[in-house]
Amino acid sequence: MAEVNSSAKMVRFGVFEANLQTGELRKNGVKVPLQGQPFQVCAILLEHSGKLVSREELRRQVWPEDTFVDFDHALNTAITKIRIALGDEADNPRFVETLPRRGYRFIAPVDKPIVETHTAGPDGAAIVAAPEQGQSSFWRPGLAIAFSSALVIAALVWAPWRHPSRRTEVIERKLTTNSLENSVNSAVVSPDGKFLAYADNTGLYLKQIRTGETHPVPLPPNFSADVADWFPDGSHLLVCRREQPGKSLWTGNLSLWSVSVFGGSPRHLASDAAGGSVSPDGAHIAFQRSDYGREEWVMRSDGTDPVKVASDKSSWVGGPTWSPDGNRIAYIRAAETYNARVSAVEVNEWRNAGAQTFFSDNRLGPALFWLLDGRLIYTFGDENNRHGASLWTVSIQPSGKPGESPKRITRGIGWISQVTGSDDGKVVTFLRENSVSSVYIGTLAPDGIHLLANRRLTLDENENNPFAWTPDSKAVLFNSDRNGTSEIFKQVTDQPLAESLTTSAEQLLQPRVTSDGSEILYISTPKTASLETQSSLFAIPIGGGSPRLVLKDVGIWNVQCARLPLTFCLYSVGKGDAMETFRFDVRNGKSSVPPQVDPVCNWSLSPDGSQRVMVCPSLKGNIRFRSTLTGKTRDVPVTGRNELGSVDWAPDGRSLLIAGRTPEGESALLRVTLEGRASVLLHSSNSEILAAIPSPDGRSLAIAESMVYNNVWQIENF
């Protein structure tokens, strides 16, 4: 009979099975990612179970003298990966024990290697020959029962001493305490979980988590960087450089660099790139590129061979994170309008650019992290509190399906971003963002080009966003989430408290005054709105009262009306990477006139209703005027500006109020002439100026300012 595969070796220990021939490790029959040198080290320890294997012996067998590698780091990394694969711990080992400065020992009970000799039977079927007498790897029944009983008793006595009870509650603590003026903008934990690298307005820093000792990371002059990830060697950081500090993401010439924590010249890796993540083996980097994160790319860790693996103009993608085996990346894909969104976790086999949706949920935030033990950490926004967010974990099976039920590991007030974890999966860090959007009242000089005073009107710590004034210029209309969901309020400028005009179980947004000043229009949208959910336009009397339905459409996000003698109004809806703007009448509903189609932009209707002005990133520092009658457009460059936000017309129609930035990167409120000449009315380095709404008499501005600050938090025992 012919002998088949006579050299196969199988080693079993607990729920694990190692095939020393094929280099595979399985747990309960499911393959566990452990390959290459880590598996070789594991195999040597298994073959010498119960005995010390010196570091020198491991070097000789796995890293011969002609191999050029940092042996100490390579061996430490291999042992760490073995422990991750086995679910082991260095402090309380169940499998691999460290003997300091000497080597390692496999301490769990191991069945002797089974050498299977397959022979071909008469019918060609393979038969496994029984082990020779005296060489069986199985115990005889009587001895097995007696011996296993003794083992159980010994284990019951040994376990409490060997593995003292551990605390199972999640431990959460704050790692940085930066002020509003010096917010943390990025942070990542080191692979060994001992250090935090973080960046704020003053530079890049390395903090020892246990002691709190902090040191700056040396950078060249005028090198402003956000930290994106650690390289596996623990001594280099992947950073994203901004050519113009203070700018928001995707403005200011972003690029990726490698920086040593010990100093030296940074090494350039890629231009037009951000959101970088280094693969577990350090061989590749995944990153975002182009136009607000529309594309996912992968390149080698030296910056060569970049490959686009995902692209979609109708949605944006979040920062990527790597699977434990380095064969896949995961990221959030989302599409959204002003008051609705749809988002999902997308997993991409990047070598084949084969993407599939892992799961969808409109509550998903932008941050993900894939731990080396296979768990995926993601963020959810709080349905009942727009300021709240939580972290969740779920395991991903080899099939790509969720494993166990998702588990929430922390919740609190403040949005969560940039989640990172240590290699052993014991430490996770994240940025928690707290923000307050307030309404300020600015008093304009008679010439309209200087701001004489600026004082805060809303004195609470909630989201307060102004959109209009009452016709007499005495009160501001705004939406606020101070009662848990967004509602419509009116506040007289010399009073400390606001009056609620209408409430609902839905989100009520964007109060605007109708052409004749008799009613207030607002958008009503369900809390869990998606891109297919219908929004409603309602109107209430200017002094308050019962709402009446004006019209419905999917994804309404901007509403404005012309002034008398004109009576028409406009609203927009999102259609992928475009928007459609419709004309309507507050009494008769939508007009039959075809919509105007434009890129997604902020826009404002001129007081006389003749044209709209638009600002958006795709215009690259230009403002666009579009006739409401003929549709004709003209673009006007704004002098010295390439980042423009919201826009509104001055009451006389001769100038514009635009939220933007100064050349130095500060947030600013700009007065811009119709020819594109800009002057600064207000600037701030501590807050973000979102918008300015002029009063009908032209004497005052309702200014929306948002104050945002981030700090780093750590969780353990999750």
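Refer to the structure printed above.
These figures come from a predicted structure and were not determined experimentally. (Residues numbered from 1 in each chain as written. Predicted model: local features only at pLDDT ≥ 70, side-chain atom pairs only at ≥ 80, totals over all residues. Heavy atoms only, no water.)

This part is about the overall build of the protein chain. Looking only at helices and strands, the protein chain features four helices and 59 strands. Counting across all 718 residues of the protein chain, residues that qualify as buried make up 51%. About 33,700 Å² of surface is accessible on the protein chain, with carbon and sulfur atoms providing 51% of the total. (Helix = DSSP H or I, 4+ residues; strand = E, 2+ residues; numbered from the N terminus. Buried < 20%, exposed > 50% of the residue type's maximum accessible area, 1.4 Å probe, protein only. Areas by Shrake-Rupley, 256 points an atom, 1.4 Å probe, with all protein chains shown as cover.)

It is worth spelling out the state of the cysteines at this point. Here is the idea: a disulfide is a covalent bond, and it sits between the sulfur atoms of two cysteines. For the structure shown, the criterion picks out two disulfides. Bridging cysteine 561 to cysteine 569, the disulfide has an S-S length of 2.0 Å. Because the sign of the S-S torsion sets the handedness, a value of about 95 degrees for the bond joining cysteine 561 and cysteine 569 places this disulfide among the right-handed ones. Residue cysteine 561 is classed as buried on the basis of its relative accessible area, which comes to 15%. Across a sulfur-sulfur distance of 2.2 Å, cysteine 601 and cysteine 616 are joined as a disulfide pair. In this pair, cysteine 601 sits in the loop between β49 (596–599) and β50 (602–605) while cysteine 616 sits in the loop between β51 (611–615) and β52 (622–627), placing the two residues 15 residues apart along the sequence. Take cysteine 616: its relative accessible area is 7%, and that puts it in the buried class. Taken N- to C-terminal, the disulfide-bonded cysteines of the protein chain are connected 1-2, 3-4. (Disulfide = S-S within 2.5 Å.)

The final tally for this structure, using the stated rule, is 22 salt bridges. In this structure, arginine 624 and aspartate 635 form a salt bridge, with 2.8 Å as the shortest nitrogen-oxygen distance. Placement of arginine 624 in strand β52 and of aspartate 635 in strand β53 (residues 633–637) is noted, with a sequence separation of eleven residues between them. What makes aspartate 635 partly exposed here is its relative accessible area of 37%. In the salt-bridge network here, residues are joined through shared partners; they are Glu24, Arg26 and Lys31. (Salt bridge = Lys/Arg side-chain N within 4 Å of Asp/Glu carboxyl O.)

Glancing now at the side chain of arginine 612. In this fold, arginine 612 is placed in strand β51. A polar atom in the side chain of arginine 612 sits 3.3 Å from the side chain of threonine 581. In terms of polar contacts, arginine 612 uses its side chain to reach the side chain of aspartate 598, at 2.9 Å. Excluding anything up to four places from it in sequence, arginine 612 contacts Leu570, Met579, Thr581, Gln596, Asp598, Trp603, Ser604, Leu605, Arg624, Phe625, Arg626 and Thr628. (Polar contact = N/O pair within 3.5 Å; in protein donor to acceptor, adjacent residues only side chain to side chain. Contact = heavy atoms within 4.5 Å.)

Let's shift gears to the sheet that holds strand β39 (residues 487–492). Consider a sheet: its strands pair through backbone hydrogen bonds, and that pairing is either parallel or antiparallel. Spatially, four strands are ordered β37-β38-β39-β40 in an open sheet, and the strand pairing comes out antiparallel. With partners counted over all chains shown, the strands left at the sheet margins are β37 (464–469) and β40 (499–502), one partner each. Within the sheet, the average angular offset between the axes of one strand and its neighbour, ignoring direction, is 35 degrees. Alignment of β37 against strand β38 (residues 475–480), held across five bridges, turns out to be antiparallel. Opposite alanine 468, over in β38, you have leucine 477 as the bridge partner. (Pairing = 2+ DSSP bridges. Axes fitted to C-alpha atoms, helices over the stretch in contact; angles between N-to-C directions.)

The next subject is helix α3 (residues 71–86). Spacing of three or four residues puts side chains on the same side of an α-helix, whose turn is 3.6 residues. Spanning 16 residues, α3 covers 22 Å between terminal C-alpha atoms, matching the ideal 22 Å at 1.5 Å per step. What α3 keeps buried is the set Phe71, Ala74, Leu75, Ala78, Ile79, Ile82, Arg83, Ile84, Ala85 and Leu86. Remark: glycine 87 follows α3 within two positions and exhibits a positive phi of approximately 70 degrees. (Expected span 1.5 Å × (residues − 1).)

Within the secondary structure, proline 565 sits in the loop between β45 (556–561) and β46 (568–575). We classify proline 565 as exposed; its relative accessible area is 76%. Between the alpha carbons of proline 565 and serine 515 there is a distance of 8.0 Å; along the sequence they are 50 residues apart.

In this section: the packing of aromatic side chains. One pass over the full model with this rule turns up 18 aromatic pairs. Where phenylalanine 358 meets phenylalanine 359, the ring centres are 5.5 Å apart and the plane angle is 70 degrees; that geometry is what we call edge-to-face. By relative accessible area, phenylalanine 359 is classed as buried at 18%. Cluster of aromatic residues (ring-pair linked, three or more members): Phe358, Phe359, Tyr378, Phe380 and Trp392. Here arginine 482 stacks its cationic end above the ring of phenylalanine 489, 4.8 Å away from the centre of that ring. The ring of phenylalanine 568 has arginine 583 sitting right over it, with the charged end atom 4.1 Å from the ring centre. (Phe/Tyr/Trp six-rings, centres within 6.5 Å; stacked < 30°, edge-to-face > 60°. Lys NZ or Arg CZ within 6 Å of the ring centre and 35° of its normal.)

Core analysis: the biggest nonpolar cluster contains 32 residues, and Phe13, Leu25, Val41 and Phe106 have the highest contact counts within it. For this core, the secondary-structure elements that each account for two or more residues are β2 (9–13), β3 (16–19), α1 (36–47), α2 (55–62), α3 and β8 (103–106). By residue number, the principal contributor to this core is α3, which donates eight residues. Discounting residues that sit within four places of it in the chain, valine 41 has contacts with Leu58, Val62, Trp63, Leu75, Ala78, Ile79 and Ile82. Trp316, Val345, Tyr378 and Phe380 belong to the second-largest nonpolar core, a separate cluster that totals 17 residues. (Core = buried A, V, L, I, M, F, W, Y, C linked by side-chain atoms within 4.5 Å.)

Below, the discussion takes up unusual backbone geometry. The omega torsion across leucine 564 and proline 565 is 10 degrees, close enough to zero to call that bond cis. Phi is positive for aspartate 305, which is not a glycine, with a value near 55 degrees. According to the relative accessible area criterion, aspartate 305 is partly exposed, its value standing at 47%. A positive phi angle, close to 50 degrees, is found at lysine 620, a residue other than glycine. Its place among the elements puts lysine 620 in the loop between β51 and β52.

Moving on, we come to the sheet that holds strand β54 (residues 644–649). Sheet architecture is open: four strands sit in the order β54-β55-β56-β57, paired in antiparallel fashion. Edge strands, defined here as strands with exactly one partner in the open sheet, are β54 and β57 (678–684). Strand-to-strand twist in this sheet, taken as the mean axis angle between neighbours without regard to direction, amounts to 20 degrees.

These figures come from the coordinates and say nothing about function on their own.
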